[in-house]
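# Commentary on secondary and tertiary structure
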Amino acid sequence: SSGINAEYGGIQVKLCTPEDVLATGFRHTLSKPPKIVATEKGWFAEESRVVPATSLTDAIFGSAKGDAEFIELLQSTAVLEERWQMIEGYYSGKGCLPCASLQIVRDMFRDACQKRNWFITRNCAALLHKIHISICDDVTHILVNQRQISFGITGIEETISQPPSSAEFFDYLIRHSKRNYILFVLYQEILNYLCQMMQKSPALFKGILRLRMDLLIELIAKETSGSSKNFEVMCGLRPIELYHIIFNLFSGRGSDVNENNDLPWERRRCVDGALNRLPTEFHQNLYALLQLCTGINLEGNFLSSFPMINEMTAGEPQFAVTIANWLDKIKQPQLRQLYVEAIMMMGALLKMIKMLPDVIELHVILHRAHDIFLSENADCDPQRFLCGISQEFYMTPPTGQYGTLNYFAQAIACMNNGG
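The rolling of a water-molecule-sized probe over the atoms marks out the regions of remaining empty space. Within this model, the largest pocket holds a volume of roughly 640 Å³. Along its surface, the largest pocket is lined by 25 residues, and Gln146, Leu209, His283, Pro317 and Ala320 are the ones closest to its centre. Every element with two or more residues in the lining of the largest pocket is listed here: α6 (135-144), α13 (282-290) and α15 (317-327). Broken down by element, the lining of the largest pocket gets its largest block of residues, four residues, from α15. When the residues that make up the lining of the largest pocket are grouped by side-chain class, the tally is 11 nonpolar, 10 polar and four charged. Here the second largest pocket defines a volume of roughly 340 Å³. Forming the walls of the second largest pocket are 18 residues, and the residues nearest its centre are Leu215, Glu218, Lys331, Gln332 and Pro333. Per element, the largest residue contribution to the lining of the second largest pocket is five residues, and it comes from helix α9 (residues 213-225). Classifying every residue of the lining of the second largest pocket gives six nonpolar, five polar and seven charged.

Here it is as structure tokens:
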């Protein structure tokens, strides 16, 4: 396929360029559009009022003739950026665009491609429902390498574990682009880069079972703009810059090429939590704990030992999937990683623990460890707490005399002594 060849991280990559995006709508890929798309109420309609569209583009470019004055103004504006501001304002206000503007947006897409205006290129591609030429192969490669892909925010995620048909996959993209149409393009571009990374640097994915696309996109947005909800800076990045950030996040180096390889621990926990990365012995440690109790409670999410440990081994994929589903209920990535550290410490101390409680209250252990930390660090800023945990605790390294693992060990000792 076409594209720009570049080298990054010592490997050759083919960057996503406008030429990699098919110039057709979905009707050239699918026999019919997903039923969720309708023509009457913009891009998406209420389920109870679904009216099948003749093509996906019809769903975003309304069936009415549209505002003649708006079209005339668009046609008289020569500056690409000014045209885009008009399109964006109209769409934000009405939820769709006049069908008469379809050709104008196509022209803007071509113009943005030539000028390498990546922000407008990606936005127009999303409005036009452009499809990356290799996306179905990319998704299949990721899945057959025993990685799952999930779309959606924590609590309402949908996970793909088996290669879907093209119609099923595009239906995932459409449903989860509801809250921001640009996700339609970002999902595809980032999946393409992840596939290339997996082919050429598979070690980057060690300890990662599930690629949570929305968390990853929020993480990239936060790295580029300081806000997980602000996509504008990220969408304006050159392809090599976007690839660079993703590669560095997976390699643990962060987005800044000038910083050393050691991320601050709060950021490292945030990155590892968003990437679902787990330590090598995590599943074995957790399985050993489950063999000695009836279950583990994690903020009201109960993981029962039975019949799971009778039906699964610590090393089988289904056990890993069950644990991933359990951990994924924790919304904050850095908090998730603290719980992972607590489980690792309990597993390491298992031989020294006299007797485990019938139900391990993991959140109680975390907060007890945090209380011990606060007793030794009275200057913690009470305004900088996240989920009841101080920012200073998130910033503390795991190891060492004053590491989080030491505080977890003390909390576990208190539990073991009935304290």
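Mean pLDDT over the protein works out to 83, with 82% of the residues at or above the 70 mark. Under a pLDDT of 50 for its full length, residues 256-261 has, in the predicted model, nine contacts with residues more than four places off or in other chains.

Right, let's get into the environment of leucine 298. Mapped onto the elements of the fold, leucine 298 is located in strand β10 (residues 295-298). Taking C-alpha positions, leucine 298 is 6.6 Å from glutamate 361, a pair spaced 63 residues apart along the chain. With residues near it in sequence (within four places) discarded, leucine 298 still touches Trp326, Leu327, Ile330, Tyr339, Leu362 and His363.

Scanning all chains against the criterion turns up three cavities of 30 Å³ or more. Estimated volume of the second largest cavity: approximately 40 Å³. Around the second largest cavity, the lining residues are Leu209, Arg210, Asn276, Leu278, His283, Ala320, Ala324 and Arg336. Classifying every residue of the lining of the second largest cavity by side-chain character gives four nonpolar, two polar and two charged.

The strand order β8-β7-β9 describes an open sheet built from three strands, whose pairing is mixed. Bordering the open sheet on either side are β8 (158-160) and β9 (210-212), each of which pairs with just one other strand. Shown here is a sheet whose adjacent strand axes are inclined to one another by a mean of 25°, direction ignored. Bridge count between strand β7 (residues 148-151) and β9: three bridges; the pairing is parallel. Counted as the bridge partner of isoleucine 149 is leucine 211 from β9. Together, β7, β8 and β9 form the strand contacts of α6, whose direction differs from that of β7 by roughly 120°.

What counts, and at which threshold
Residues numbered from 1 in each chain as written. Predicted model: local features only at pLDDT ≥ 70, side-chain atom pairs only at ≥ 80, totals over all residues. Heavy atoms only, no water. 1 Å grid on protein atoms, 1.4 Å probe; cavity = no way out; pocket = protein on both sides within 12 Å on 5 of 7 lines; lining within 4 Å. Points joined across faces, edges and corners; volume = space filled by probe spheres on them. Helix = DSSP H or I, 4+ residues; strand = E, 2+ residues; numbered from the N terminus. Nonpolar A, V, L, I, M, F, W, Y, C, P; charged D, E, K, R; others polar. pLDDT = per-residue confidence, 0-100. Contact = heavy atoms within 4.5 Å. Pairing = 2+ DSSP bridges. Axes fitted to C-alpha atoms, helices over the stretch in contact; angles between N-to-C directions.

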